[in-house]
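Architecture and fold: a report
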Amino acid sequence: MDRIRIKGGRPLSGDILIGGAKNAALPLMAAGLLTEERLELGNVPRLADIDTMAALLAQHGIAVEPDGRTLRLGGRITNSVAPYDIVRKMRASVLVLGPLLARVGEARVSLPGGCAIGTRPVDLHLKGLEQMGAAIRLDAGYIHASAPERLRGATIVFPFVSVGATENLMMAATLADGETVLVNAAREPEIGDLAACLTAMGARIEGIGTDRLTIQGVDRLHGARHAILPDRIETGTYACAAAITGGSVRLVGARLEYLGAVARVLRDAGVEIEEQPDALVVRRLNGLHGTDAMTEPYPGFPTDMQAQFMALMAVAEGAAMVTETIFENRFMHVPELNRMGARINVHGASAIVRGVAGLSGAPVMATDLRASVSLVLAGLAARGETVVNRVYHLDRGYESVERKLAACGADITREAG
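These lines cover the structure that appears in this document, whether it is placed above or below. (Residues numbered from 1 in each chain as written. Predicted model: local features only at pLDDT ≥ 70, side-chain atom pairs only at ≥ 80, totals over all residues. Heavy atoms only, no water.)

**A look at the packing of helix 4 (residues 97-104) against helix 6 (residues 163-173)**
Closest axis-to-axis distance for the helix 4/helix 6 pair is 7 Å, and the angle between their directions is 15°. Of the possible angle classes, the one that applies to helix 4 and helix 6 is roughly parallel. In the crossing of helix 4 with helix 6, the sense of the turn from one axis to the other is right-handed. On the side of helix 4, the interface is formed by L97, G98, P99 and A102, while helix 6 contributes N168, M171 and A172. Residues that form the contact of helix 4 with helix 6 fall into these classes: 5 nonpolar, 2 polar and no charged. (Axes fitted to C-alpha atoms, helices over the stretch in contact; angles between N-to-C directions. Helix = DSSP H or I, 4+ residues; strand = E, 2+ residues; numbered from the N terminus. Parallel < 35°, antiparallel > 145°, perpendicular 65-115°, else oblique. Left-handed = near helix turned anticlockwise from the far one by under 90°. Contact = heavy atoms within 4.5 Å. Nonpolar A, V, L, I, M, F, W, Y, C, P; charged D, E, K, R; others polar.)

Next up, the structure:
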């Protein structure tokens, strides 16, 4: 397995290009199942998860043609089975369930895998589809779903906010018979991006950007062109990289409006964020201050930024409390950060971070996607050499992270395992 070697202590300076959002690209690719016509997606990031979704769509008969940062999808659905060998690699694979049911009336989808950060059940997806008339059973690790008479519109009230369930049911509802209302729907920018693309394909969706989505089903959707929005998690991650090294980085293509609570929390911690027409400039001129953060659905602080922010707080003055309310097993980076000299104590769903004067390089092990990059951030700030092992997680969500950081002055290299 590859590993990343970092010699820390260099302030970052330069430009970093922010790619398209992985968490928007994956459901947008699944939306290609909703029409036989061509769907063209621009600003597509080059990530392992994109390749996994492309392989899954090919399994269903959809041709996926890459052309630089563009993907062209199209074709007839010839197979409604999403097999374990592909789905186990990535939880977002379950997003083919709604589109398959809506288009061909049946689907057999393996229960999903992905990062080991908690159970993340798909109950809300299945209950919502049942309310829309689907018959669903679980057998031998697969979801068996059928709706031979076409899905029906329904009012679905989510007991808690779920991004994946909102996406799956919104896609299914576009081709359902009648009106579907999603109450307590997720409001993440990626949801709005998917809704905008579906609208361009002929869907009728109201309430975009709110927690109540109303979808009027149509008989068919057509092709469209859509550019994926910039990745707010990649933006936040490199903002933390600039701050933890005491540098100044220009994040090209980033949009402040998508950062939500991340911008507020970083500013409270002493990080400067300047908005330019085509970029965000992030710098730290003085010290960092311990600042609390609690993960919440958008526009709250995202769970996907928790590990990176904790690495930043490890070198801040004073103490910070980081509380995780989304996933129950997302503090696996804490022991590794402590190996580097951080002072972090976990108490249930909260971690108390007492800032230290500096971190020390050490060999560490990545456990999931965001934990991986938090260790890279810590290595950038640490004295001596840090080796991050099992970095295949990184490639699922960050494109060329070592090259982007090296171009800004970091001493960082990737080594083949």
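**Remarks on the side chain of E188**
One can find E188 in the loop between strand 11 (179-183) and helix 7 (189-200). Although E188 is buried, it makes no salt bridge; R232 carries the closest opposite charge, 4.6 Å away. Not counting residues within four places of it along the chain, the set of residues in contact with E188 comprises V163, R232, P297 and Y298. (Buried < 20%, exposed > 50% of the residue type's maximum accessible area, 1.4 Å probe, protein only. Lys, Arg positive; Asp, Glu negative; His and termini not counted. Salt bridge = Lys/Arg side-chain N within 4 Å of Asp/Glu carboxyl O.)

**A look at the pattern of salt bridges**
Once their charged atoms are close, side chains differing in charge can pair, the charge on each being opposite to the other. Counted according to the given criterion, the structure contains 27 salt bridges. Across the pair R72 and D67 runs a salt bridge whose closest N-O atoms are separated by 3.2 Å. Exposure remark for D67: the relative accessible area of 43% places this residue in the partly exposed category. Taking the shortest distance from any N to any O, the salt bridge between D304 and R330 comes out at 2.9 Å. Residue D304 is found in the loop between strand 18 (293-294) and helix 10 (306-313), and its partner R330 is found in the loop between strand 19 (319-323) and helix 11 (334-339); the two are separated by 26 residues along the sequence. The exposure class assigned to D304 is buried, which follows from its relative accessible area of 17%. R330 sits in the buried class, given a relative accessible area of 7%. Each of D2, D395, E402 and R414 takes part in salt bridges that share partners, so that together they form one network.

**Concerning the packing of aromatic side chains**
This structure, assessed with the given rule, holds 1 aromatic pair. Looking at R108, its charged tip hangs above the ring of Y142, at a distance of 4.1 Å from the centre. (Phe/Tyr/Trp six-rings, centres within 6.5 Å; stacked < 30°, edge-to-face > 60°. Lys NZ or Arg CZ within 6 Å of the ring centre and 35° of its normal.)

**Concerning the sheet that holds strand 12 (residues 204-206)**
Within a sheet, adjacent strands bond to each other through the backbone by hydrogen bonds, running parallel or antiparallel. The mixed open sheet is built from 4 strands, whose spatial order is 10-11-13-12. Strands at the two margins of the open sheet, each flanked by one partner only, are strand 10 (155-157) and strand 12. Adjacent strand axes in the sheet meet at a mean angle of 15°, parallel and antiparallel pairs treated alike. Of the pairings in the sheet, the one linking strand 11 to strand 13 (residues 212-216) comprises 5 bridges and is antiparallel in character. (Pairing = 2+ DSSP bridges.)

**Thoughts on unusual backbone geometry**
Excluding glycine, residues mostly have negative phi values, and the peptide bonds linking residues are mostly trans. Geometrically, the link from Y298 to P299 is a cis peptide bond, its omega value of 15° lying close to zero. By the element assignment, P299 lies in the loop between strand 18 and helix 10. Positive phi is not limited to glycine here, since N43 has a value of about 60°. Tracing the backbone through its elements, the reader meets N43 in the loop between strand 3 (39-42) and helix 2 (48-59). We classify N43 as partly exposed; its relative accessible area is 30%. If you check the backbone angles, N184 has positive phi at about 65° while not being a glycine.

**A look at the side chain of Q308**
As for its placement among the helices and strands, Q308 is situated in helix 10. For Q308, the side chain forms a polar contact with the side chain of T237, separated by 2.9 Å. Dropping the residues within four chain positions of it, Q308 is found in contact with I233, T237, C240, R370, V373, S374, L377 and Y398. (Polar contact = N/O pair within 3.5 Å; in protein donor to acceptor, adjacent residues only side chain to side chain.)

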